[in-house]
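# Overview (structure and organization)
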Amino acid sequence: MKQQLMLLEAPPDWRIDERTKEIGRRGLAQARAALQRHSPAVQPAPSPYDDVPRAA
């Protein structure tokens, strides 16, 4: 890949202020913590044979 799109600067009125970013970071941390508390520590890998029909 030889060409890359150039990023454009966002107009100042589109930028998110630091207070809003911090609120978002805290909310994201809380959501991740909640998911971690309610998900199994280790999820078993699916078997490659789960989709294979079994003989009757």
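In this text the structure is predicted, and so the values were computed from the model without any measurement.

What counts and what doesn't
- Residues numbered from 1 in each chain as written.
- Predicted model: local features only at pLDDT ≥ 70, side-chain atom pairs only at ≥ 80, totals over all residues.
- Heavy atoms only, no water.
- Helix = DSSP H or I, 4+ residues; strand = E, 2+ residues; numbered from the N terminus.
- Rg over C-alpha atoms; globule rule 2.2 N^0.38 Å.
- Buried < 20%, exposed > 50% of the residue type's maximum accessible area, 1.4 Å probe, protein only.
- Areas by Shrake-Rupley, 256 points an atom, 1.4 Å probe, with all protein chains shown as cover.
- Lys, Arg positive; Asp, Glu negative; His and termini not counted.
- Charge placed at Lys NZ, Arg CZ, Asp CG, Glu CD.
- Salt bridge = Lys/Arg side-chain N within 4 Å of Asp/Glu carboxyl O.

Within the chain, the secondary structure is distributed over 1 helix and 0 strands. What you see for the chain is a C-alpha radius of gyration of 22 Å, clearly larger than the 10 Å of a compact globule of 56 residues, by over 25%. In terms of principal-axis extent, the alpha carbons of the chain reach across some 65 × 40 × 15 Å. Buried positions account for 0% of the 56 residues belonging to the chain. Just so you have it, the chain exposes about 6,500 Å², and 59% of that area is on carbon and sulfur atoms. Taken together, the 9 basic and 7 acidic charged side chains of the chain have centroids lying 4 Å from each other.

Once that is clear, we can look at the pattern of salt bridges. Inspection of the entire model under this criterion finds 4 salt bridges. A salt bridge links Glu18 to Lys21; the shortest N-O distance between them is 3.4 Å. Of this pair, Glu18 and Lys21 both sit in helix H1 (residues 18-38), 3 residues apart, which is roughly one turn of the helix. Since its relative accessible area comes to 34%, Lys21 is described here as partly exposed. Glu22 serves as the salt-bridge partner of Arg26, at 3.6 Å between the closest nitrogen and oxygen. Of the two residues, Arg26 and Glu22 are both situated in helix H1; the distance of 4 residues between them amounts to about one turn of the helix. The partly exposed category is assigned to Glu22, whose relative accessible area is 32%. Beyond isolated ion pairs, a larger network of salt bridges with shared partners links Glu22, Arg25 and Arg26.

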